Amino acid sequence: TLRADHLGVYGYQRATSPVIDGLAAQATVFDRAFSPSPSTRNAVPALMTSRYPSTLNFRKGSWPPKLVPRSHTMLGQTFKTAGYRTQAVLCCDEMFDKGSGVIEGIDGVDASADKVANKPADAVARPARDFLKKSAGVTQPFFLWVHLFDPHDPYVARRGAESFGHSAMDRYDDEVAHADAHIAWILEGLLAAGHADDTIVVITADHGEGFGEHGLRHHGNSLYGELLHVPLIVSVPGAAPRRVETPGSTIDLGPTLLDLVGIDRPAGQNGRSLAATIVEGAPAPDRTILSELIGIRREPR
């Protein structure tokens with residue numbers, strides 16, 4: 001639930017994200033990136049297929065929503081077919097299990113963090129570092145998806161005396177800072193493995209979070225900016241840092257990554273490639289960005 005405006009790179013005044021900000025200074029930062037859905041259950045399948053949620057083929061009555069097998073091509077499948085090692089280190093098991101469809105093509109899945117109370121970032125970062133450590137000296141390219149739970153309700157002041165305070169937003173910011181510190185772990189692991197100079201690194205989020213700005217809390221219940229405006233930071237070795245103001249969507253990430261590494265894109269994607277913008281500074285595709293609020297049981301309207 002990481003909203004863009006709680007990161008320093010997007011203008012936040014609290015020191016929640018020194019690591020992400022440092023990465024962003026050497027990367028392409030999309031100032032107006034939006035999620036296609038304010039709910040993980042729709043946003044992650046959309047990201048992994050580069051399709052809008054309403055176009056996805058979900059099994060009727062499934063909860064959490066599960067994709068009909070072989071009805072869509074996942075990003076992990078495309079990388080695996082192209083000869084990549086594929087790995088996912090995930091905060092949560094039920095939402096991203098084999099039945100969900102989103103991990104199709106992922107050879108190794110570690111969701112051990114799901115069994116740790118509140119699914120803290122260190123429980124996700126540790127197996128991610130282990131994978132990177134084993135990648136030292138390996139020439140076969142890899143696709144690694146790391147999904148942190150922090151920040152997410154119930155917010156926990158994880159940093160003790162360094163806490164920003166006791167309100168819900170204070171504790172949310174504590175979790176952002178906790179996640180940022182463990183992103184440092186992962187980046188250090190990438191450097192130690194000798195792959196920092198030949199690996200594309202992306203920071204993004206499935207959706208944001210509301211703190212009563214429009215009389216609503218949490219997420220999944222509106223299409224206001226605090227739920228849809230997410231970070232999208234893409235670091236490509238050798239590419240000049242730049243800021244992009246043209247609106248984009250997280251469903252653009254799949255086509256962008258595939259173009260950046262020279263892999264053919266599957267047919268039927270709704271997303272647009274931003275590769276030329278990142279590498280050459282070409283204008284980003286200027287079009288209407290769609291976000292959808294799809295009725296989901298258990299989430300109040």
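Residues numbered from 1 in each chain as written. Predicted model: local features only at pLDDT ≥ 70, side-chain atom pairs only at ≥ 80, totals over all residues. Heavy atoms only, no water.

A. Fine view of the overall build of the chain. From N to C terminus, the chain includes eight helices and 12 strands. The C-alpha atoms of the chain give a radius of gyration of 18 Å, which matches the 19 Å a tight globule of 301 residues would have. Counting across all 301 residues of the chain, residues that qualify as buried make up 55%. Sequence-distant contacts in the chain: of pairs separated by 6 or more residues, those separated by 24 or more amount to 67%. A total of about 13100 Å² of accessible surface is found on the chain, and carbon and sulfur atoms cover 51% of it. Averaging the locations of the 30 positively and 35 negatively charged side chains of the chain gives two centres separated by 6 Å. (Helix = DSSP H or I, 4+ residues; strand = E, 2+ residues; numbered from the N terminus. Rg over C-alpha atoms; globule rule 2.2 N^0.38 Å. Buried < 20%, exposed > 50% of the residue type's maximum accessible area, 1.4 Å probe, protein only. Contact = heavy atoms within 4.5 Å. Areas by Shrake-Rupley, 256 points an atom, 1.4 Å probe, with all protein chains shown as cover. Lys, Arg positive; Asp, Glu negative; His and termini not counted. Charge placed at Lys NZ, Arg CZ, Asp CG, Glu CD.)

B. Quick look at the environment of Tyr10. Checked against the element boundaries, Tyr10 lands in the segment before α1 (18–24). Here Tyr10 falls in the buried class, since its relative accessible area comes to 14%. Separated by 14 residues in the primary sequence, Tyr10 and Ala24 have C-alpha atoms spaced 9.9 Å apart. A polar contact of 3.1 Å, which involves the side chain of Tyr10, links it to the backbone nitrogen of Leu232. (Polar contact = N/O pair within 3.5 Å; in protein donor to acceptor, adjacent residues only side chain to side chain.)

C. Focus on the nonpolar core. In terms of nonpolar packing, the biggest core is built from 69 residues, with Phe30, Met48, Phe79, Phe96, Val102, Trp145 and Ile233 touching the most fellow members. The residues touching Phe96, leaving out its near neighbours within four places in the chain, are Thr40, Val44, Leu90, Cys91, Val102, Ile103, Trp145 and His147. (Core = buried A, V, L, I, M, F, W, Y, C linked by side-chain atoms within 4.5 Å.)

D. Local environment of the pattern of salt bridges. For the coordinates displayed, the defined rule picks out 11 salt bridges. Among the ionic pairs, Glu213 bridges to Arg3, the shortest N-O distance being 2.7 Å. Remark: Arg3 occurs in the segment before α1 and Glu213 occurs in the loop between β7 (210–211) and β8 (217–218); sequence separation between them is 210 residues. Among the ionic pairs, Asp259 bridges to Arg265, the shortest N-O distance being 3.2 Å. You can call Arg265 partly exposed: its relative accessible area is 41%. (Salt bridge = Lys/Arg side-chain N within 4 Å of Asp/Glu carboxyl O.)

E. Just helix α4 (residues 121–134), in detail. The first and last C-alpha atoms of α4 sit 20 Å apart over 14 residues, in line with the 20 Å expected at 1.5 Å per residue. Among all positions of α4, only Ala121, Ala123, Val124, Ala125, Pro127, Ala128, Phe131 and Leu132 are buried. Where α4 is buried, its residues meet β3 (85–90), β4 (108–110), β5 (142–147) and α5 (168–192). (Expected span 1.5 Å × (residues − 1).)

F. Just α5, in detail. If you check α5, its first and last C-alpha atoms are 36 Å apart, about what 25 residues at 1.5 Å a residue would give, namely 36 Å. Once α5 finishes, Gly194 follows within two positions and takes phi at roughly 85 degrees, a positive value.

G. Main features of the sheet that holds strand β1 (residues 28–30). In space, the four strands of this open sheet follow the order β6-β10-β1-β11, with mixed pairing throughout. Only two strands of the sheet have a single neighbouring strand rather than two, namely β6 (201–204) and β11 (242–244). Sheet twist, expressed as the mean angle between neighbouring strand axes with direction ignored, is 15 degrees. The pairing of β1 with strand β10 (residues 232–235) spans two bridges and is classified as antiparallel. Bridging from a neighbouring strand, Thr28 pairs with Val234 of β10. (Pairing = 2+ DSSP bridges. Axes fitted to C-alpha atoms, helices over the stretch in contact; angles between N-to-C directions.)

H. Inspection of the environment of Leu67 at higher detail. Here Leu67 is to be found in the loop between α2 (40–49) and α3 (75–81). Using a relative accessible area of 4% as the deciding quantity, one classes Leu67 as buried. Sequence separation between Leu67 and Ser100 is 33 residues, and the spatial gap between their C-alpha atoms is 5.8 Å.

I. Up close: the side chain of Thr1. Take Thr1: it is sitting in the segment before α1. A residue is classified by how much of its surface remains accessible, and Thr1, at 8% relative accessible area, is buried. A polar contact is formed between the side chain of Thr1 and the backbone oxygen of Pro151, at a distance of 2.4 Å.

J. Seen up close, the environment of Ser167. Mapped onto the elements, Ser167 comes out in the loop between β5 and α5. For Ser167, a relative accessible area of 36% puts it in the partly exposed group. Placed 12 residues apart in sequence, Ser167 and Tyr155 show a C-alpha to C-alpha distance of 9.5 Å.

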